[in-house]
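The residues making up each chain are set out below.
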Amino acid sequence: GNNREMTYTWKDNIQACMILASQSKNISVIGCRIYNYNYGVFINGADVENEESSFQNTAMNGVIQNCVFNNCHSAVDTYGKAILIDHNSFYGNTGKCVQVEANSTSQGEENPMDEPNYYMSAVGAVVSNNTFIDNADTDVVIHTNTYGTIVEGNTFLNYYRAIQLNTHDESRGICIFGNVLMFQKRQEITSSK
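On a predicted model such as this, the values are computed, not experimentally measured, just so you know.

Peer 1: For this particular structure, what's the right way to read the nonpolar core?
Peer 2: Nonpolar side chains tend toward joint burial in soluble globular proteins. Formed by 29 residues in total, the largest nonpolar core has its most connected members in Ile64, Phe69, Val76, Phe90, Val98 and Val140. Counting residues per element, the ones that place at least two in this core are β2 (25-30), β4 (39-44), β7 (74-78), β8 (81-86), β13 (138-142) and β16 (161-165). Among the elements that take part in this core, β16 stands out by supplying three residues, more than any other. Contact partners of Ile64, with chain neighbours within four places excluded, come to Val29, Val41, Ile43, Phe69, Val76, Leu84, Ile85, Asp86 and Asn88. In this structure, Leu20, Tyr39, Phe42 and Tyr79 belong to the second largest nonpolar core, which totals five residues.

Given below as structure tokens:
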């Protein structure tokens, strides 16, 4: 895709990002061990700095599987379409482990495909069968203006906040089921709506 250097760093000049995929298709991150990064895997959805967002410049079809994330600030952050985050281990991370995000603001359309900024929204993310242990912040965050997100079959142990829904605008099709939550430090699920 169109990978660009991330110009900021985290504390003590730790590198900002291990894997950055922007405008990329068919992304596979399998069996990796990612430690001590601000962003472990960052999938930027549509890069529209100099062009209209469209199917052609949208990150999509990705799998992040059988990886280990430790001491990252944000382990996985995706704006992409059809991204599977499956069978990973997240432990001892300092920030939000998995974030599903959108660059766009909703236009209030009934059909998301009619929304002018649809291609800048995260669509079809699946967060499944992961293990989250003793992370300092939220394990899974679903941000506003996302569509069709599934969070299922995960295990949350000794968590500060397991799942946070920032869905105060036009998010649709958020499904959360079959997760195991034990030994909470603060809250299990928070929602702004």
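Now that the structure is up, let's keep going.
Peer 1: Would you explain unusual backbone geometry in this entry?
Peer 2: As a rule of thumb, non-glycine residues mostly have phi less than zero, and peptide bonds are mostly trans rather than cis. Here Asn26, not a glycine, exhibits a phi torsion of approximately 55°, which is positive. Inspection of the secondary structure assignment puts Asn26 in strand β2. One non-glycine residue, Asn66, lies in positive phi territory at about 55°. Considering the arrangement of structural elements, one finds Asn66 in the loop between β5 (60-65) and β6 (68-70).

Peer 1: Would you take a moment to explain the pairing of β5 for this structure?
Peer 2: Looking along a regular strand, one sees the side chains alternate between the two faces of the sheet. Bridging between β2 and β5 involves five bridges; their strand directions are parallel. Counted as the bridge partner of Ile30 is Gln65 from β5.

Peer 1: How should the sheet that holds strand β18 (residues 180-182) be read in this particular structure?
Peer 2: Within a beta sheet, neighbouring strands are joined by backbone hydrogen bonds and run either parallel or antiparallel to one another. Reading across the sheet, the six strands line up as β3-β6-β9-β12-β15-β18 and stay open at both edges, with parallel pairing between neighbours. Every interior strand has two partners, whereas the edge strands, β3 (33-35) and β18, have only one. Between one strand and the next, the sheet's axes are offset by a mean angle of 10°, whatever the strand orientation.

Peer 1: Please explain the packing of aromatic side chains as it appears in this structure.
Peer 2: The relation between two aromatic rings is expressed through the spacing of the ring centres and the mutual angle of the planes. By the definition in use, this model includes five aromatic pairs. Between Tyr39 and Phe42, the aromatic rings sit 4.9 Å apart at their centres with planes inclined by 85°, giving edge-to-face as the arrangement. Here Tyr39 falls in the buried class, since its relative accessible area comes to 17%.

Peer 1: In this structure, what is going on with the pattern of salt bridges? I would like to understand it.
Peer 2: Once the charged atoms of two side chains with opposite charge are near each other, the side chains can pair. If you walk through the whole model with that rule in mind, you get one salt bridge. Between Lys96 and Asp137 there is a salt bridge whose closest N-O contact spans 3.4 Å. Here the residue Lys96 occupies a position in the loop between β9 (89-91) and β10 (98-100), and Asp137 occupies one in the loop between β12 (131-133) and β13, the gap between them amounting to 41 residues. According to the relative accessible area criterion, Asp137 is buried, its value standing at 19%.

Peer 1: Just checking my understanding: could you explain the state of the cysteines for this structure?
Peer 2: The full count for this structure, using the stated rule, is zero disulfides. The cysteine Cys97 is free of any disulfide, with Cys72 supplying the nearest cysteine sulfur at 8.7 Å. Classification of Cys97 as buried rests on a relative accessible area of 0%.

Peer 1: Looking at this model, I keep getting lost on the sheet that holds β2. Mind explaining?
Peer 2: Here six strands make up an open sheet; going across it, the order is β2-β5-β8-β11-β14-β17 and the pairing parallel. On the outer flanks of this sheet lie β2 and β17 (172-177), each paired with one strand and no other. Direction aside, the axes of adjacent strands within the sheet are offset by 5° on average.

Peer 1: How should a nonpolar patch on the surface be read in this particular structure?
Peer 2: On the surface, Val180, Met182 and Phe183 cluster together into a nonpolar patch covering about 280 Å² of accessible area. Mapped onto the secondary structure, Val180 falls in strand β18.

Peer 1: Can you help me understand the side chain of Asp86 in this one?
Peer 2: If you trace the backbone, Asp86 turns up in strand β8. One buried charged residue, Asp86, remains without a salt bridge, the closest side chain of opposite sign being Arg33 at 16 Å. In this structure the side chain of Asp86 is engaged in a polar contact, spanning 2.7 Å, whose partner is the side chain of Ser128. Ignoring sequence-local partners within four residues, the contact set of Asp86 consists of Ile64, Gln65, Asn66, Ser128, Asn129 and Asn130.

How each quantity is defined
- Residues numbered from 1 in each chain as written.
- Predicted model: local features only at pLDDT ≥ 70, side-chain atom pairs only at ≥ 80, totals over all residues.
- Heavy atoms only, no water.
- Core = buried A, V, L, I, M, F, W, Y, C linked by side-chain atoms within 4.5 Å.
- Buried < 20%, exposed > 50% of the residue type's maximum accessible area, 1.4 Å probe, protein only.
- Helix = DSSP H or I, 4+ residues; strand = E, 2+ residues; numbered from the N terminus.
- Contact = heavy atoms within 4.5 Å.
- Pairing = 2+ DSSP bridges.
- Axes fitted to C-alpha atoms, helices over the stretch in contact; angles between N-to-C directions.
- Phe/Tyr/Trp six-rings, centres within 6.5 Å; stacked < 30°, edge-to-face > 60°.
- Salt bridge = Lys/Arg side-chain N within 4 Å of Asp/Glu carboxyl O.
- Disulfide = S-S within 2.5 Å.
- Patch = residues over 30% accessible without salt bridge, like charges linked within 9 Å, V, L, I, M, F, W, Y side chains within 5 Å.
- Areas by Shrake-Rupley, 256 points an atom, 1.4 Å probe, with all protein chains shown as cover.
- Lys, Arg positive; Asp, Glu negative; His and termini not counted.
- Polar contact = N/O pair within 3.5 Å; in protein donor to acceptor, adjacent residues only side chain to side chain.

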